[in-house]
Amino acid sequence: MSDADAVRALVNHRYFQPHRTPIQIFNRATDPFLPRVKTHLFDVLDDLDRRGLTNHVLVVTRYRIDPEDCARLNRLRHLKLTLLVTYSGIADQRIEPVDSAIAARSLQVAYQHAQRYRVVLYWRPLVPRLNDSPEHLARAVELSRHAHATVFTGLFYRGEIADYYRANGLPEPYDHTARRKIVPETLERRVLEAFDSATGGPLFRKTSCGVSFAHGVPDCNGHYGVRELCDICPLSQLGLCADAHRPPTEAQVRELAARLPDKEDLEIVQISERAATTAGLDEQPRYFLQHGLGFQIHDQRHPHRRRRHGRADIGWQREATA
Ligand code: SF4
């Protein structure tokens, strides 16, 4: 498929909302800054930008970013572009195939030249005993000063990854696999303390929070209702998100859902200050509603627990469902 066809398919997709749907491109099984991918990255960005779209576009990389790349990206006029530079600091090449020094350098180059885009230190995956030593944390704090925001997340310890660890004789970080990312409670506390005591850059638990902060707009996923996520957020951003936080009425949810082909399956279980809980919708239509309403839309089958929204239960004391 040509880049132009791909962009057409994207903007004509039934779940695409101009100026609203956050987009990630060249994010699966490749890296957007690999030399042969980069030309497509720029073409797709230019095409989207020429359409006057102001959507968030997230470009995630752990590869080389040059000053020439930055100059090219600074020519964009409309998109809210964020470069998320993945950095783990893991030295074992069996786990981290790309030297973390490359990402660290890219982060600094991208940040130094940023005019029309924003740069996020995407610090992940954080894995106990692999990259959580005091030295690792101190290095992340140092790097956070070369980014508009820092987002930290854990490891998706899925079956395939567990198999890979076992097959390569790597120490297994957890006893169980999980369908969400794992960030144990003690590790999170140490991360927050490291950033607090050494005055690191603004730190976020959610990707969309870091990205939204970097652009000075309310969180596009409406996480503000999940109050415990916001205790580390800068005050100015809290104000922006508070102003935008409006739990929708059932009628508003149904009005937007009227555009969904599977709307008959939608059951609205509950709407609270935190989130609307639904049943009968898959991830894509749920996210369509979430982005359209700027409010969390959860699935009854996968409840989020207090203080670990979007994360696995592993490594946390059991608490009530959120
Ligand atoms: S106020 Fe809360 S929802 Fe908004 S960006 Fe900060 S952490 Fe995210």
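Provided above is the structure to which this section pertains.
Residues numbered from 1 in each chain as written. Predicted model: local features only at pLDDT ≥ 70, side-chain atom pairs only at ≥ 80, totals over all residues. Heavy atoms only, no water.

S.K.: What exactly am I supposed to notice about the overall build of the chain here?
M.R.: Secondary structure assignment for the chain yields eleven helices and nine strands. Expected size for 322 residues packed as a compact globule is a radius of gyration near 20 Å; at 20 Å, the chain falls within 12% of this value. When the backbone C-alpha atoms are referred to their principal axes, the chain occupies close to 50 × 50 × 40 Å. Looking at the chain residue by residue over its 322 residues, the buried ones come to 50%. Of the contacts formed within the chain by residues at least 6 apart in sequence, a portion of 67% connects residues at least 24 apart. Within the chain, one finds 45 positive and 40 negative side-chain charges whose respective centroids are separated by 2 Å. (Helix = DSSP H or I, 4+ residues; strand = E, 2+ residues; numbered from the N terminus. Rg over C-alpha atoms; globule rule 2.2 N^0.38 Å. Buried < 20%, exposed > 50% of the residue type's maximum accessible area, 1.4 Å probe, protein only. Contact = heavy atoms within 4.5 Å. Lys, Arg positive; Asp, Glu negative; His and termini not counted. Charge placed at Lys NZ, Arg CZ, Asp CG, Glu CD.)

S.K.: When you look at the sheet that holds strand β7 (residues 267-271) in this model, what are you seeing that I'm missing?
M.R.: By way of backbone hydrogen bonds, the strands of a sheet pair with one another, either parallel or antiparallel. The strand order across the open sheet formed by three strands is β7-β8-β9, and the pairing between neighbours is mixed. Each of the sheet's edge strands pairs with one partner strand only, and the pair in question is β7 and β9 (297-299). With strand direction ignored, the average angle separating the axes of adjacent strands in the sheet is 30°. Where β7 meets strand β8 (residues 276-279), four bridges bridge the pair, whose relative direction is antiparallel. The residue bridging I271 from the neighbouring strand is A276, located in β8. (Pairing = 2+ DSSP bridges. Axes fitted to C-alpha atoms, helices over the stretch in contact; angles between N-to-C directions.)

S.K.: Explain helix α2 (residues 35-50) here, please?
M.R.: One turn of an α-helix holds 3.6 residues; hence residues three or four places apart share an orientation. With 16 residues, α2 extends 23 Å between its outermost C-alpha atoms, agreeing within 8% with the 22 Å of an ideal straight helix rising 1.5 Å per residue. Those residues of α2 that sit buried are V37, K38, L41, F42, V44, L45, D47, L48 and D49. In the core, the buried residues of α2 are packed alongside α1 (3-11), β1 (23-24), β2 (56-61), α3 (67-73) and β3 (80-87). Remark: G52 follows α2 within two positions and exhibits a positive phi of approximately 75°. (Expected span 1.5 Å × (residues − 1).)

S.K.: It is not clear to me how the pattern of salt bridges should be interpreted in this structure. Could you clarify?
M.R.: Scanning the model with the defined rule gives 16 salt bridges in all. Across the salt bridge formed by D5 and R8, the nearest N and O atoms sit 2.5 Å from each other. Placement of both D5 and R8 in helix α1 is noted, with a separation of three residues, approximately one turn of the helix. Judged by relative accessible area, R8 falls into the partly exposed class, the value being 40%. A salt bridge links D69 to K38, with the nearest nitrogen and oxygen atoms 3.1 Å apart. Here K38 lies in helix α2 and D69 lies in helix α3, a separation of 31 residues in the sequence. This pair shows no difference in class: D69 is buried, exactly as K38 is. Where salt bridges share partners, they join K38, D66 and D69 into one cluster. (Salt bridge = Lys/Arg side-chain N within 4 Å of Asp/Glu carboxyl O.)

S.K.: Is there a simple way to explain the environment of P97 in this structure?
M.R.: By the secondary structure assignment, P97 is in the loop between β3 and α4 (100-113). For the pair P97 and E135, spaced 38 residues apart in sequence, the C-alpha to C-alpha distance is 21 Å.

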